[in-house]
Amino acid sequence: MRVLYLDASYGLSGDMAVAAVAALCPKEVQTRVLDTLNHLGLEGLHCTLGTRRRGALSCTDFDVQLACNNHDHDIEYLHGHSHPHEHGHDHEHMHEHEHEHGHHHAHVHRNLHDVTAILSAAAIPEEARALATRIFTIVAKAEAKAHGLPLEEVHFHEVGALDSIADILAFSLFYTALKVDKTVLTALTEGTGSVRCQHGVLPVPVPAVVNIMVDNALPVRFSGIEGELITPTGAAIAAAIRSPDTALDTSLSTVIAVGYGAGKREYSVPTFVRALLLDTEAEDVPTQGLPGERTIVKMECNVDDSTPELLGHLMEELFKAGALDVSFTPCYMKKLRPGTTISVICEDDTLETLRATLFSQSTTIGVRYTTWQRTVLPRESLTLNSPLGALKCKKVTLEGPDRRRLTRYYPEYESVKALAQANSLALPDALSRVTAFLSTL
């Protein structure tokens, strides 16, 4: 299992998160993502990756340069200061400052629809587009709540700013390229005091950050550091990627890569985000003894007014929210209308979240659920050295008719797909060779 462990003990902003996950990616991925960002055709946008020292650490730095200004000019007033250059290029949220170009252009005010239109037109993987849209939506809802306006009426240059688009899209591209199975975050560490932005003087954490914390149950730890350590975009990224199971597995893990994302502002302590990419042999079911007995919940609802696109999106959101399994079954409803039965299997502790997801992401107006007993076989995740290369698979142990213990190996689809591509093989051929290899074990 690939696990991303994001340590936000020293703050979290959009550009810090981008830099941290970018540092985990190979050079070719970094080049590809930067090329994608720099060819979006957005008003002179140019993104780079570099290095910046934070304390004794050499950190990765993500910088967005614009041909024209698209920011809030008030960052120089952060906690009472009036020196715009002492903070450097902090670019991504509602307290953004003027870049050192010195240009004072009219603000570009965009709403969520304008931002999603830009994302829809971008030539990017669908998975990254969906994540970027989710992050923007989280921020937009928080801003709407702060200003007491309907979501569609919120026009905000804070999130619509080009550098915010670059931050969120860059993070989504790097994060999805990592292909992680689980994301674990520490509690967010916030500072104290107040900041001055376009809306006046606001307490730390600012209203948008507080709303994101409330809406997404993000844990926070308050420090004595004067200043804003958590930005709206940083909080939204945490909310969007944080796995329902927030515990870090205690079994053996291998650190694949580490990245440090530099903060731009100068505070009394260095600000950076640390990201660890782990390969863990943690198992989601027992690996020893008799088959495990577990209590699960099955939720169901019927819909006859949904589209295939909405159902496909719903399945993605349900899995993100912690569903163990999701299935769709054709059915006939009132007046012989063709419909779909949506079935969701989950653990009891994710029931509330998944029920909310069903109501918000589908057209259903009612959900039924029952408690079931489930028997699961012991299994463990392995990486084997196959003739085609490193192969990820599950090892399942069961008891045969003669009470002998039997072992079966099931290859992971994504691993077989990667081996097929690496060996220039058709997927069926790669699967046949992998299956033959596993049969010898």
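Provided above is the structure to which this section pertains.
The notes below deal with the structure included here.

What counts, and where the lines are drawn
Residues numbered from 1 in each chain as written. Predicted model: local features only at pLDDT ≥ 70, side-chain atom pairs only at ≥ 80, totals over all residues. Heavy atoms only, no water. Helix = DSSP H or I, 4+ residues; strand = E, 2+ residues; numbered from the N terminus. Buried < 20%, exposed > 50% of the residue type's maximum accessible area, 1.4 Å probe, protein only. Contact = heavy atoms within 4.5 Å. Areas by Shrake-Rupley, 256 points an atom, 1.4 Å probe, with all protein chains shown as cover. Axes fitted to C-alpha atoms, helices over the stretch in contact; angles between N-to-C directions. Parallel < 35°, antiparallel > 145°, perpendicular 65-115°, else oblique. Left-handed = near helix turned anticlockwise from the far one by under 90°. Expected span 1.5 Å × (residues − 1). Phe/Tyr/Trp six-rings, centres within 6.5 Å; stacked < 30°, edge-to-face > 60°. Pairing = 2+ DSSP bridges. Nonpolar A, V, L, I, M, F, W, Y, C, P; charged D, E, K, R; others polar.

## Side note on the overall build of the chain
Part 1 of the reasoning: Counting its secondary structure elements, the chain contains 12 helices and 17 strands.
Part 2 of the reasoning: Relative to its 441 residues, the chain shows a buried fraction of 48%.
Part 3 of the reasoning: Taking contacts inside the chain between residues at least 6 apart in sequence as the whole, the part at least 24 apart equals 70%.
Part 4 of the reasoning: Roughly 21000 Å² of accessible area belongs to the chain as shown, and the carbon and sulfur atoms make up 53% of that amount.

## Quick look at the packing of helix H4 (residues 126–147) against helix H6 (residues 162–178)
Part 1 of the reasoning: Here H4 crosses H6 at 135 degrees, and the two axes come no closer than 8 Å. Here H4 lies oblique to H6, going by the angle between them. In this structure, H4 meets H6 at a crossing whose hand is right-handed. Touching Glu127, Ala128, Leu131, Ala132, Ile135 and Phe136 of H4 are Ser164, Ile165, Ile168, Leu169, Phe171, Ser172, Leu173, Tyr175 and Thr176, all from H6.

## Notes on H6
Part 1 of the reasoning: Between its first and last C-alpha atoms H6 spans 24 Å; for 17 residues at 1.5 Å apiece the expected length is 24 Å, and the two agree.
Part 2 of the reasoning: Across the 17 residues of H6, 16 count as buried, placing the element largely inside the fold.
Part 3 of the reasoning: In the stretch just after H6, Lys179 is the one whose phi turns positive, near 55 degrees.

## Comments concerning the packing of aromatic side chains
Part 1 of the reasoning: Per the counting criterion, the structure on display carries three aromatic pairs.
Part 2 of the reasoning: Cluster of aromatic residues (ring-pair linked, three or more members): Tyr10, Tyr260 and Phe272.

## A look at the sheet that holds strand S17 (residues 405–411)
Part 1 of the reasoning: Judged by pairing direction, the sheet is antiparallel, and its three strands sit side by side in the order S15-S16-S17 without closing on themselves. Each having just a single partner strand, strand S15 (379–386) and S17 make up the two edges of the open sheet. Across the sheet, the mean angle separating the axes of adjacent strands is 35 degrees when strand polarity is ignored.
Part 2 of the reasoning: Two strands pair when backbone bridges link them, and strand S16 (residues 389–399) and S17 are joined in this way by seven bridges, in the antiparallel orientation. Bridge pairing in S17 places Glu399 opposite Arg405.
Part 3 of the reasoning: In this fold helix H11 (residues 413–422) packs onto S15, S16 and S17, with an angle of close to 150 degrees to the strand it touches most, S16.

## Some words on the packing of helix H2 (residues 27–38) against H6
Part 1 of the reasoning: The interhelical angle for the contact between H2 and H6, taken along N-to-C directions, is 150 degrees, at an axis separation of 10 Å. Considering the angle they form, H2 stands roughly antiparallel to H6. Between H2 and H6 lies a crossing whose hand is right-handed. Here H2 contributes Val29, Gln30, Val33, Thr36 and Leu37 to the contact with H6, which in turn contributes Ala166, Leu169, Ala170, Leu173, Phe174 and Ala177.
Part 2 of the reasoning: In the contact of H2 with H6, the residues fall into nine nonpolar, two polar and no charged.

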